[in-house]
Amino acid sequence: MQSRVKLLGSTALAAAALVMGPATASADQALEKRIKALEKASGMYVTKSKKTMKIVVNGHVNRAIVLTDNGTASGFTHVTSNFSRTRVRWIGTGKISDDMSVKTNIELGNQSSIATNQDLGDNGDVNGDALDERHIEFQITSKSLGKIYMGQGISGSESIAESDLSGTGIVSLNGNGELIGGGETFQSAAGAASGHGTVGANFNNFDGLGRRDRIRYDTPKFGGFQVTASHSNQDSRDLALRYGGSMGGTKVKAAVGVFENETNGSGGVAGSISVLMPMGVSFTFGASDSSDDDGGNGDTANWRYAKVGYKFKGMGSGQTRLYAEYNQTEDVNTANSEASYWGVGIVQIMEPLGAELYGSFTTYSAEATGLADPEDITQLVAGARFKF
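Analysis parameters
Residues numbered from 1 in each chain as written. Predicted model: local features only at pLDDT ≥ 70, side-chain atom pairs only at ≥ 80, totals over all residues. Heavy atoms only, no water. Buried < 20%, exposed > 50% of the residue type's maximum accessible area, 1.4 Å probe, protein only. Helix = DSSP H or I, 4+ residues; strand = E, 2+ residues; numbered from the N terminus. Contact = heavy atoms within 4.5 Å. Polar contact = N/O pair within 3.5 Å; in protein donor to acceptor, adjacent residues only side chain to side chain. Patch = residues over 30% accessible without salt bridge, like charges linked within 9 Å, V, L, I, M, F, W, Y side chains within 5 Å. Areas by Shrake-Rupley, 256 points an atom, 1.4 Å probe, with all protein chains shown as cover. Salt bridge = Lys/Arg side-chain N within 4 Å of Asp/Glu carboxyl O. Core = buried A, V, L, I, M, F, W, Y, C linked by side-chain atoms within 4.5 Å. Lys, Arg positive; Asp, Glu negative; His and termini not counted. Charge placed at Lys NZ, Arg CZ, Asp CG, Glu CD. Phe/Tyr/Trp six-rings, centres within 6.5 Å; stacked < 30°, edge-to-face > 60°. Pairing = 2+ DSSP bridges. pLDDT = per-residue confidence, 0-100.

Asks: Help me out: how do you make sense of unusual backbone geometry in this one?
Replies: Leaving glycine aside, a negative phi is the common case for residues, and trans is the common case for peptide bonds. Of note, Ser113 is a non-glycine position whose phi angle comes to about 50°, a positive value. On the accessibility criterion, Ser113 (5% relative accessible area) is buried. Notably, Asp235 is not glycine yet its phi reads approximately 65°, a positive angle. Looking at where Asp235 falls in the secondary structure, it is placed in the loop between strand S12 (225–232) and strand S13 (236–247). Note on Asp235: relative accessible area 42%, which makes it partly exposed.

And the structure:
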């Protein structure tokens, strides 16, 4: 704080404060009024710099227990679910003008016994980083001109394959079944690795460019439509069209986009749509085609997905959400390979605790030309996410 007052006034006020000693509330108010009167009368003034940014700290803890059967062995693992892994955020917000505001976002995630790395042979003890960056960025928003993001964060095409109004994304997110069981290896009937790799190696929904260091721009919304685009290192870029709205009580969420990842020479197109009817029933569909299979042996790969959901108030604590899903990929792991999974599950909202309890059952299958079909992998999951 900077202040400029005349020397005589400063001396008088300091002396008065010393003489008066501890002041009562009424005395403080009287002194403040007297100072303002003196400043007004004599032309003195006080200036100070103010911090206009506010900060909020929030996040959540998400843990699950997984019972896996790979066809030749079974067992439990205790994991951090990668559907929405444990994290902490520091969010700063400030107002530049009536039209413009700024936001800073620092978000770090935890990978303790991360689910995507777990295999029955690892006894659930494979860990990632204790804390790693998810978002480190600032955002400048104009009500009339749109929003600009700079730093590490979601690209303009992130989530184009993941439109979903079922409310079950904590345990089922449009073709991302590997986020809870991705580390498990497909086994042959003899009890050895089958050559089909892990669950995670066989599934990918090609959901744009993900999170990265970039500059991103979002247009304002026009009739529910919005365009998002970003540019990142090595000239990677993307463009997406999004929609969110309601038609006669039926909610619709949709997105479609194209992306070029110059880091590895891949690219593709992806899209999704989800419809939620007034009675709580939802239908979700997604599809993508990629020009590279992210490390496999084929030149192209594709993904198809469908889900039906149902929301209802079955308990006083919050909504109950049910779902059934089917997912299929081609040429993701290797050329002439196919993989699929089906699953069912439940999410129970616990409003008084700011928590979600969830459970799911999923069966994963794979096949490839030149290899004997492996044993199916089944997983039963129970977990909870608590927000703070």
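Asks: Help me understand the environment of His60, please; the structure alone is not making it clear to me.
Replies: Structurally, His60 can be placed in strand S3 (residues 54–69). Separated by 326 residues in sequence, His60 and Phe386 place their C-alpha atoms 5.4 Å apart. Contacts of His60, omitting those with residues within four sequence positions, involve Ser84, Arg85, Thr86, Arg87, Arg89, Arg385, Phe386, Lys387 and Phe388. A polar side-chain atom of His60 sits 3.0 Å from the main-chain carbonyl oxygen of Arg85.

Asks: Looking at this structure, I do not really get a nonpolar patch on the surface. What am I missing?
Replies: Taken together, the side chains of Ile55, Val57, Val61, Trp90, Ile106, Ile136 and Phe388 make up a nonpolar region of the molecular surface, amounting to roughly 630 Å² of accessible area. Sorting elements by how many residues they give to the nonpolar patch places S3 first, with three residues. Turning to its location among the elements, Val57 is positioned in strand S3.

Asks: Teacher, can you tell me more about the nonpolar core here?
Replies: Soluble globular proteins tend to bury their nonpolar side chains together. The biggest cluster of nonpolar side chains holds 35 residues, and the ones touching the most others in it are Ile180, Tyr358 and Tyr364. Those elements giving two or more residues to this core turn out to be S3, helix H3 (178–181), strand S14 (250–261), strand S17 (301–315), strand S19 (337–350), strand S20 (355–368) and strand S21 (377–387). If you tally residues by element for this core, the top one is S19, at four residues. If we skip the residues at most four places from it in the chain, Ile180 touches Ala64, Val66, Val79, Ser81, Phe83, Ala115, Tyr364, Gln379 and Val381.

Asks: Is there a simple way to think about a negative patch on the surface in this case?
Replies: Together, Glu338, Glu367, Asp373 and Asp376 make up a region of like negative charge exposed at the surface. Structurally, the position occupied by Asp376 is in the loop between S20 and S21.

Asks: Whenever I open this one, the packing of aromatic side chains confuses me. Can you help?
Replies: Each aromatic ring pair is summarised here by two numbers: the centre-to-centre distance and the angle between the ring planes. Tallied over the full model, the rule gives seven aromatic pairs. Aromatic pair Phe225 and Tyr243: ring centres 4.7 Å apart, planes at 45°, arrangement tilted. With a gap of 18 residues between them, Phe225 in strand S12 and Tyr243 in strand S13 connect regions that are remote in the sequence. Overall, Tyr243 belongs to the buried group, its relative accessible area being 16%. Centroid distance Tyr310 to Phe312: 5.2 Å. Interplanar angle 25°. Geometry classified as stacked.

Asks: Just to check I follow, could you spell out the pairing of S13 for this structure?
Replies: For a regular strand, side-chain orientation follows a simple rule: the groups alternate between the two sheet faces. Where S12 meets S13, eight bridges bridge the pair, whose relative direction is antiparallel. Paired with Thr228 across the strands is Ala240, a residue of S13. Between S12 and S13, which pair antiparallel in sequence order, lie three residues; one of them, Gln234, sits at a positive phi of approximately 60°. Bridge count for S13 against S14 is 11 bridges, and the pairing is antiparallel. Bridge pairing links Arg242 to Ala255 in S14. Taken together, S13 and the strand that follows it, S14, pair antiparallel across an intervening segment of two residues, in which Gly248 is found at a positive phi of about 60°.

Asks: So what exactly am I meant to see when it comes to the pattern of salt bridges here?
Replies: Close approach of charged atoms allows side chains with opposite charge to pair. Counted according to the given criterion, the structure contains 12 salt bridges. Among the ionic pairs, Asp289 bridges to Arg304, the shortest N-O distance being 3.5 Å. Taken together, the residues span a long stretch of sequence, with Asp289 in strand S16 (residues 281–290) and Arg304 in strand S17 at a distance of 15 residues. Given the relative accessible area of 36%, Arg304 is considered partly exposed.

Asks: What exactly am I supposed to notice about the confidence of the model for the protein chain here?
Replies: Segments scoring low in pLDDT should not have their predicted coordinates read at a detailed level. For the protein chain, per-residue confidence averages 87 on the pLDDT scale, and 84% of positions sit at 70 or higher. Below pLDDT 50 for its whole length, residues 1–24 participates in 17 contacts with residues either more than four positions away or in separate chains. With pLDDT under 50 throughout, residues 44–49 is counted as low confidence; its partners more than four residues away or in other chains account for 15 contacts.

Asks: Would you take a moment to explain the pairing of strand S10 (residues 193–198) for this structure?
Replies: Pairing of strand S9 (residues 185–187) with S10 involves two bridges; the strand directions are antiparallel. Bridge pairing links Thr185 to Thr198 in S10. The turn linking S9 back onto S10 is made up of five residues, and Gly191 within it adopts a positive phi angle of 90°.

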